[in-house]
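Structure assessment
If you want the building blocks of each chain, they are given just below.
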Amino acid sequence: MISFLLCLALLILGYFTYGKVVDNVFGPDDRETPAVRINDGVDYVVMPQWKLFLVQLLNIAGLGPIFGALQGALWGPAVFLWITFGTIFAGGVHDYFSGMLSERNEGASISEICGIYLGGGMKNLMRVFSVVLLVMVGTVFAVGPAGLIVTLFKNSGFTGLIASTEVWLWIILAYYFVATFLSIDKIIGKIYPVFGICLIVMAVGVGIGVFLNPDYVIPELWTNFYNMEPTGKPIWSFMFITVACGAISGFHATQSPLMARCMKSERQGHLVFYGAMVCEGVIALIWAAAGCSIYEVTNGLNTGLKAVLANGQSAAIYDVCSKTMGGVGVALAMLGVIACPITSGDTAFRSARLTLADWFKLDQESCRKRLLLCVPLLLVGAFVGHLDYDVVWRYFSWTNQTLAMIVLWAASMYLFQQKKNYWITAVPATFMSAVSATYFVLGDECLGQLLNTKDAAGATVYNTAIAYPAGVLFAALLLAVFLFATRRQAVRK
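Everything numeric in this text was worked out from a predicted model, so none of it was measured.

The next subject is the environment of Thr 254. Looking at where Thr 254 falls in the secondary structure, it is placed in helix H12 (residues 251-260). For Thr 254, a relative accessible area of 7% corresponds to the buried category. Residues Thr 254 and Ala 69 lie 185 residues apart in sequence; the distance between their C-alpha atoms is 21 Å. In contact with Thr 254, not counting residues within four places along its chain, are Ile 110, Leu 134, Ser 351 and Leu 403. From its side chain, Thr 254 meets the backbone oxygen of Phe 251 in a polar contact 2.5 Å long.

Spelled out as structure tokens, the structure:
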């Protein structure tokens, strides 16, 4: 429990210290923001700071800091370190710069930002990459809640259309259309703060439940600093990919421009972007602690947690909430596992619309032009929603962290051009390059299906002898390319 409390204290301290360092390096000032200068009443709308913070939190969170953290807990309390230091030195930095660079560039989507600082080729790649990723995220965050709602109705004895996944999928997609089409302050600005508060309350309730139950003991880092994952998946880089939203997530970079278009002052960025990520890190830390403390450990491995997670994300979250908070927890869990993914899904489609609008230079003040993008996007989402859920989701983790890597390199180039300390972004960019490359070699959905083998018992033997050096070499190569590009730019000037 001491190591958990230390990590919690470091996260909070990190917001006030390193978060302020990052803010000072960027240098927010009193220039007129896009929300004030453009203010189209649709996407560029001034919102109060407290609402910006809560909407940003829910935009970037969903079930990410909950289920990702529970999965990360399979590796044991070592996950505390990644959540803590990943949030402070990588995730918070990533979210801050993705938001503030958008704010400095008329609220541009992240694909346009990458193009400005990394060139036209990267812009076109990121345009396609971002839209595909956002449609996948929006769709799976519709299919999952639809399935859970149907399960709840069937368990209550209901049948017919009300217990049909197809019906609820279309209902959720219809809501997505409305939320994507209307002004950001009409639905998102009104209901998101409520669900954001629910997300925080649920985490606090789980934390209190763990602390008050004498049967739940949060393990210490210094006595359990080893790989506790039952199937033997390596900590590097599986844990770093799995936790994602609880430490750093490229998906956040697609969401930050939404709030960049609604800020009254640049000085709000520290709380809205870095602060929301720290809050998400705290939520993830609590859920990871619950995963490490509630379930049975067999021969030093988290077998109990593994068994619960095998039942699916909704069942796992339900189980944790019921064990820590009883009936109130069950109600919060149902609200969380239904509302949280839906509220990330609708902003995913909204971000996809804005990315396409920036791409094709379509003004979004006109209802007709918004319909021109909303209708095809939701039709594609409906099609993808009928594909195999596992196939759609399989590649998300890797692409998500690869997107984060690219955004950090773009921020590094911006800081170099501004003659500022680019190492605060170049170091985490290099680190995430190594993470992404290593996982690409090890992951079963990537090269792992060719390079990994099976032992006599049928367990996977991961080819770390190739993957680890490949990850390091790839990261070193990207760092060398970055330094060469900066040196060439300096010579030209």
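This is not the end of the story, as more comes after the structure.
Along the polypeptide, Ser 256 turns up in helix H12. Note on Ser 256: relative accessible area 0%, which makes it buried. Polar side-chain contacts of Ser 256 include one of 3.3 Å to the side chain of Ser 98. Not counting residues up to four positions away in its chain, the partners in contact with Ser 256 are Gln 56, Asp 95, Ser 98, Gly 99 and Phe 273.

Relative to the assigned elements, Thr 453 resides in strand E1 (residues 453-454). As for Thr 453 and Asn 463, which are separated by 10 residues in sequence, their C-alpha atoms are 7.6 Å apart. Each residue touching Thr 453, except ones within four places of it in the same chain, is listed here: Ala 459, Thr 460 and Val 461.

In this section: the side chain of Asn 452. Along the chain, Asn 452 turns up in the loop between helix H20 (448-451) and E1. At a separation of 2.8 Å, a polar atom in the side chain of Asn 452 contacts the main-chain carbonyl oxygen of Leu 442. Ignoring sequence-local partners within four residues, the contact set of Asn 452 consists of Leu 442, Asp 444, Thr 460, Val 461, Tyr 462 and Asn 463.

What follows deals with the packing of helix H4 (residues 49-61) against helix H13 (residues 269-294). The packing of two helices is summarised by the inter-axis angle and the distance between the axes. Packing of H4 against H13 brings their axes to within 9 Å, and their N-to-C directions diverge by 50°. Regarding the angle of H4 to H13, the classification is oblique. Note on packing geometry: the crossing formed by H4 with H13 is right-handed. Note on element contacts: H13 touches H4 through Leu 271, Val 272, Phe 273, Gly 275, Ala 276, Met 277, Cys 279 and Glu 280, opposite Gln 49, Leu 52, Phe 53, Gln 56, Leu 57, Ile 60 and Ala 61. For the contact of H4 with H13, the per-class residue count stands at 11 nonpolar, 3 polar and 1 charged.

Time to look at the pattern of salt bridges. Scanning all chains against the criterion turns up 13 salt bridges. Asp 29 serves as the salt-bridge partner of Arg 31, at 2.8 Å between the closest nitrogen and oxygen. For Asp 29, a relative accessible area of 24% translates into the label partly exposed. Between Arg 353 and Asp 43 there is a salt bridge; the shortest N-O distance is 2.9 Å. Linking Arg 353 in helix H15 (residues 313-360) with Asp 43 in the loop between helix H3 (34-37) and H4, this pair joins segments that are 310 residues apart in sequence. Here the salt bridges do not stand alone but share partners, grouping Asp 29, Arg 31, Arg 104 and Glu 266 into one network.

Both trends apply: most residues other than glycine have a negative phi, and most peptide bonds are in trans. The linkage connecting Trp 236 with the following residue, Ser 237, adopts the cis geometry, with an omega of 0°. Tracing the chain through its elements places Ser 237 in helix H11 (residues 235-243). With a phi close to 60°, Glu 106 is a non-glycine residue in the positive phi region. Within the fold, Glu 106 resides in the loop between helix H6 (78-104) and helix H7 (110-118). Here Glu 106 falls in the partly exposed class, since its relative accessible area comes to 39%. Phi is positive for Lys 419, which is not a glycine, with a value near 55°.

Moving on, we come to H12. Summarising burial for H12: 10 of the 10 residues are buried, a large majority. Those residues of H12 that fall on the buried side of the exposure criterion are Phe 251, His 252, Ala 253, Thr 254, Gln 255, Ser 256, Pro 257, Leu 258, Met 259 and Ala 260.

All told, the structure shown has 26 aromatic pairs when counted by the stated rule. Ring centres of Tyr 422 and Trp 423 lie 5.3 Å apart, and the angle between their planes is 40°; this geometry places the pair in the tilted category. Tyr 422 gets classed as buried once you look at its relative accessible area, which sits at 19%. Here Arg 370 stacks its cationic end above the ring of Phe 181, 4.5 Å away from the centre of that ring. Lys 420 extends its terminal NZ or CZ atom over the ring of Phe 26, reaching a point 6.0 Å from the ring centre.

Reading the values: rules and limits
Residues numbered from 1 in each chain as written. Predicted model: local features only at pLDDT ≥ 70, side-chain atom pairs only at ≥ 80, totals over all residues. Heavy atoms only, no water. Helix = DSSP H or I, 4+ residues; strand = E, 2+ residues; numbered from the N terminus. Buried < 20%, exposed > 50% of the residue type's maximum accessible area, 1.4 Å probe, protein only. Contact = heavy atoms within 4.5 Å. Polar contact = N/O pair within 3.5 Å; in protein donor to acceptor, adjacent residues only side chain to side chain. Axes fitted to C-alpha atoms, helices over the stretch in contact; angles between N-to-C directions. Parallel < 35°, antiparallel > 145°, perpendicular 65-115°, else oblique. Left-handed = near helix turned anticlockwise from the far one by under 90°. Nonpolar A, V, L, I, M, F, W, Y, C, P; charged D, E, K, R; others polar. Salt bridge = Lys/Arg side-chain N within 4 Å of Asp/Glu carboxyl O. Phe/Tyr/Trp six-rings, centres within 6.5 Å; stacked < 30°, edge-to-face > 60°. Lys NZ or Arg CZ within 6 Å of the ring centre and 35° of its normal.

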